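Close look at the chain arrangement
Spelled out from the first residue to the last, the chains are:
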2 protein chains.
Amino acid sequence: MQTNMILHGDCIEKLKEIPDNTIDLIFADPPYNMQLKNILYRPNNTKVAGVDDTWDKFESFNEYDTFCTAWLIECRRILKETGSIWVIGSYHNIFRVGAIMLNLGFWILNDVTWYKINPMPNFLGTRFTNATETLVWCSKSAYTKKYTFNYKMMKKYNGDKQMTSVWHIKLCTGEERIKGSDGKKAHSTQKPEELLKRVILSSTHKDDIILDPFFGTGTTGAVAKKLGRQFIGIESEQNYIDIAQKRIDSITTLWEESDWIEK
Amino acid sequence: MQTNMILHGDCIEKLKEIPDNTIDLIFADPPYNMQLKNILYRPNNTKVAGVDDTWDKFESFNEYDTFCTAWLIECRRILKETGSIWVIGSYHNIFRVGAIMLNLGFWILNDVTWYKINPMPNFLGTRFTNATETLVWCSKSAYTKKYTFNYKMMKKYNGDKQMTSVWHIKLCTGEERIKGSDGKKAHSTQKPEELLKRVILSSTHKDDIILDPFFGTGTTGAVAKKLGRQFIGIESEQNYIDIAQKRIDSITTLWEESDWIEK
DNA sequence: TATAAAGGTGAATCCGCAC
DNA sequence: AGTGCGGATTCACCTTTAT
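Presented here is an overview of the structure given in this document. (Residues numbered from 1 in each chain as written. Chains lettered and ligands numbered in written order. Predicted model: local features only at pLDDT ≥ 70, side-chain atom pairs only at ≥ 80, totals over all residues. Heavy atoms only, no water.)

**Quick word on the protein's contact with DNA strand C**
Residues and elements named next belong to chain A. The cut-off we apply is this: The nearness test applies per residue and asks whether one of its heavy atoms lies within 4 Å of the molecule or strand. N or O atoms closer than or at 3.5 Å make up a polar contact, with two conditions inside protein: a donor-capable atom paired with an acceptor-capable one, and, for residues adjacent in sequence, both atoms drawn from side chains. By the convention adopted, Pro, Cys, Tyr, Trp, Phe, Met, Ile, Leu, Val and Ala count as nonpolar, Lys, Arg, Asp and Glu as charged, and the other residues, Gly among them, as polar.
Taken together, 40 residues sit near DNA strand C, with Gln35, Arg42, Tyr91, Leu124 and Arg177 positioned nearest. Measuring from a base nitrogen of DNA strand C, one finds a backbone N or O atom of Pro121 at 2.9 Å. Contact distances for DNA strand C include 2.8 Å between a base nitrogen and a backbone N or O atom of Phe123. Looking at the surface near DNA strand C residue by residue, the class counts come to 20 nonpolar, 10 polar and 10 charged.

**What to know about the pairing of strand S4 (residues 107–116) of chain B**
All names here are of chain B. The cut-off we apply is this: Throughout, exposure labels follow a simple rule: accessible area from a 1.4 Å probe, protein chains only, divided by the maximum for the residue type, with under 20% read as buried, over 50% as exposed, and the rest as partly exposed. Helix and strand assignments follow DSSP, with helices taken as H or I runs no shorter than four residues and strands as E runs no shorter than two, numbered in order from the N terminus. At least two DSSP bridges between two strands are required for those strands to pair.
The buried fraction of S4 amounts to nine of the 10 residues, a majority that puts the element mostly inside the structure. Both S4 and strand S6 (residues 166–169) contribute to a ladder of four bridges, which runs parallel. Paired with Trp114 across the two strands is Trp167, which belongs to S6.

**Examining the sheet that holds S4 of chain B**
Residues and elements named next belong to chain B. Going by this rule: Note on geometry: axes are lines fitted to C-alpha atoms, helical ones only across the stretch in contact, with angles between N-to-C directions running from 0 to 180 degrees. Working rule for contacts: check all heavy atoms of both residues, and any pair within 4.5 Å makes them a contact.
With mixed pairing, the eight strands of this open sheet are ordered in space as S1-S8-S7-S2-S3-S5-S4-S6. Taken across any chain shown, the strands that pair with only one partner, and hence form the sheet edges, are strand S1 (5–8) and S6. Strand-to-strand twist in this sheet, taken as the mean axis angle between neighbours without regard to direction, amounts to 20°. Strand direction decides the pairing type here: strand S7 (residues 209–212) and strand S8 (residues 230–235), joined by four bridges, are parallel. By the bridge assignment, Leu211 is partnered in S8 with Ile232. In the packing of helix H4 (residues 94–103) onto the sheet, the strands contacted are strand S3 (79–89), S4 and strand S5 (132–139), and the crossing angle to S3 comes to about 160°. Packing against the sheet, helix H6 (residues 193–203) makes contact with strand S2 (23–28), S3, S4, S5, S6 and S7, and its axis sits at approximately 140° to S6.

**Structural notes on the protein's contact with DNA strand D**
With respect to spatial proximity, 17 residues lie near DNA strand D, and among them Lys170 of chain A together with Tyr151, Lys152, Lys155 and Gln162 of chain B are the closest. Sugar plus phosphate: this is where 64% of the atoms of DNA strand D within 4 Å of the protein reside. Measuring from a phosphate oxygen of DNA strand D, one finds a side-chain N or O atom of Tyr151 of chain B at 2.7 Å. Along the lines of polarity and charge, the residues of the surface near DNA strand D split into seven nonpolar, five polar and five charged.

**Some details on the relation of the copies chain A and chain B**
Here is the rule: A residue counts toward the fit only if its pLDDT is at least 70 in both copies, and the copies are then superposed by least squares on the C-alpha atoms of those residues.
Each copy of the sequence occupies a distinct position, and chain A is placed on chain B by a rotation of 179° and an axial shift of 0.0 Å, giving an RMSD of 0.9 Å. Look at the turn and shift together and you get a two-fold axis relating the two. Taking C-alpha positions as the reference, the residue of chain A nearest the rotation axis is Phe95 of chain A, at 2.0 Å. Looking at the interface residues of chain A, 88% of them are also at the interface in chain B, so both copies use one shared face.

**Side note on the packing of aromatic side chains**
This is how it is decided: By convention, a stacked pair of Phe, Tyr or Trp rings (six-membered ring in the case of Trp) has centres within 6.5 Å and planes under 30 degrees apart, an edge-to-face pair has planes over 60 apart, and any other such pair is tilted. Either the NZ atom of lysine or the CZ atom of arginine qualifies as a charge over a ring when it sits within 6 Å of the ring centre and within 35 degrees of the ring normal.
Considering all chains together, one arrives at 28 aromatic pairs over all chains under this definition. Plain terms: the ring middles of Trp86 of chain A and Trp167 of chain A are 5.6 Å apart, the flat faces sit at 40° to each other, and that makes the pair tilted. Note that Trp86 of chain A is positioned in strand S3 (residues 79–89) and Trp167 of chain A in strand S6 (residues 166–169), a separation of 81 residues in sequence. Across the pair, Trp167 of chain A and Trp86 of chain A agree in class, each one buried. Aromatic side chains Trp137 of chain B and Tyr147 of chain B sit 5.7 Å apart centroid to centroid with 90° between the ring planes, which places their arrangement in the edge-to-face category. Linking Trp137 of chain B in strand S5 with Tyr147 of chain B in the loop between S5 and helix H5 (151–157), this pair joins segments that are 10 residues apart in sequence. By the burial criterion, Trp137 of chain B is buried, and Tyr147 of chain B matches it. Here the aromatic cluster, defined as three or more aromatic residues joined through ring pairs, consists of Trp86, Trp137, Tyr147, Phe149, Tyr151 and Trp167 of chain A together with Phe128 of chain B. Lying across the ring of Trp114 of chain A, Lys116 of chain A places its NZ or CZ 4.9 Å from the centre. Its end group placed over the ring of Trp255 of chain B, Lys197 of chain B keeps NZ or CZ at 4.9 Å from the ring centre.

See the structure below:
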């Protein structure tokens, strides 16, 4: 199978083109269906640049569930028996996604909490600061016991203590955050590379094939390349593909094992 | 309405006896025994899950969903417009519970992560240490904007910084853990009082009525009493009720406000 | 050149009342 | 239901500018 490429088109359609039992790892960052209604102002009266993309808007819970069921069915079909899948979400969608995954026969291995070191505060003091996102890590079924998990590597990465399901990671900002020609963020929801690093290091071997059905600006592909893995991306917006391709092509040196094994 | 009492009987039946719009806060720690063991450990079936197994699992999930839908419908009915509900769970059940709550019209305010300081390690090295449980905090609907939230109190409690949705709390062990006459833990899932303290302090006023439909050994009642709130417990096992009643009766002094306001 | 101050920003379901 | 307006409301990190 051809790898290290980005497929342009509808997520579900492209997934259907992939043969059964061929993928080692899937990382999926689907739309969250945030349902934002009003403009939010900071205390200094500037506006918060919220997620206002059309790809995040769904008519109803039912429509969202139908969409997620469809892509998750394909994901389960193409996973190897030794493979696993990670899906990230917030409280807006992760409960629906998790329930659907259970219904489809996925077997939850961990619910990992991305604990944001520098989350955006709750400006109006109406709730607790929303400081996390959730990753659900699943094997293909309860019977696939031989999923890849590099336990010792993650322990070493974590200072010789067993890594827990809580990951302290900063938001993707500054240099790492890709900007458009207008100087603004190129994608509303770019994920930090550290997050993908842990996902890929923990649950793949070298040269494994990693699929990301919501490729965006290509964080999964970039980290896969740096870690010596193969990737397949699916993305419906050509603009994001162009950015991702350029980003990945510009990577010339891989991360040395000493950067992560010995940390 | 009579308060500070424990109702003995079926959770859903007892909930039905409570009038509409009368409860200020609900804390629910439902069971998550989905009866999957017979499926999981069935001999001679270590291959891929077949159709029959998927069906079995669906039946089991379906039963759990029906149960949760029933008690959550009653909870929503009895909540005041200014009230809110907290439900705690692990990855085994919280996704199903969260999805059901959304379907019933509850409005998620936060998903709070109980980050266990001293979780049980994963002895086999097959997964990340499961270090969290999740609490879903909801108002009655998206339109009930006047839910109780003591923002400033929680900020003060948190060292004058906005409290986030991640709570570092120890497991309930040692002195606090109630033991039976055999010296073993009286209840398998007793929650730490610190957890309930934050729930109750953040989302009730003094003298408010707090309902716990899965009362167990009465942590909710104990903390409610110490903080000057009223409680109603529902519990189906008389053994737990006896322990809880004794526990609550033995509380003679309330927590001083200085214990939490000034921390 | 080094340090300090100022400014920008992040998947956000973020107000309440009067008219 | 929609609009308008008074009033209360923020944390950590990064970049840029100033001293």
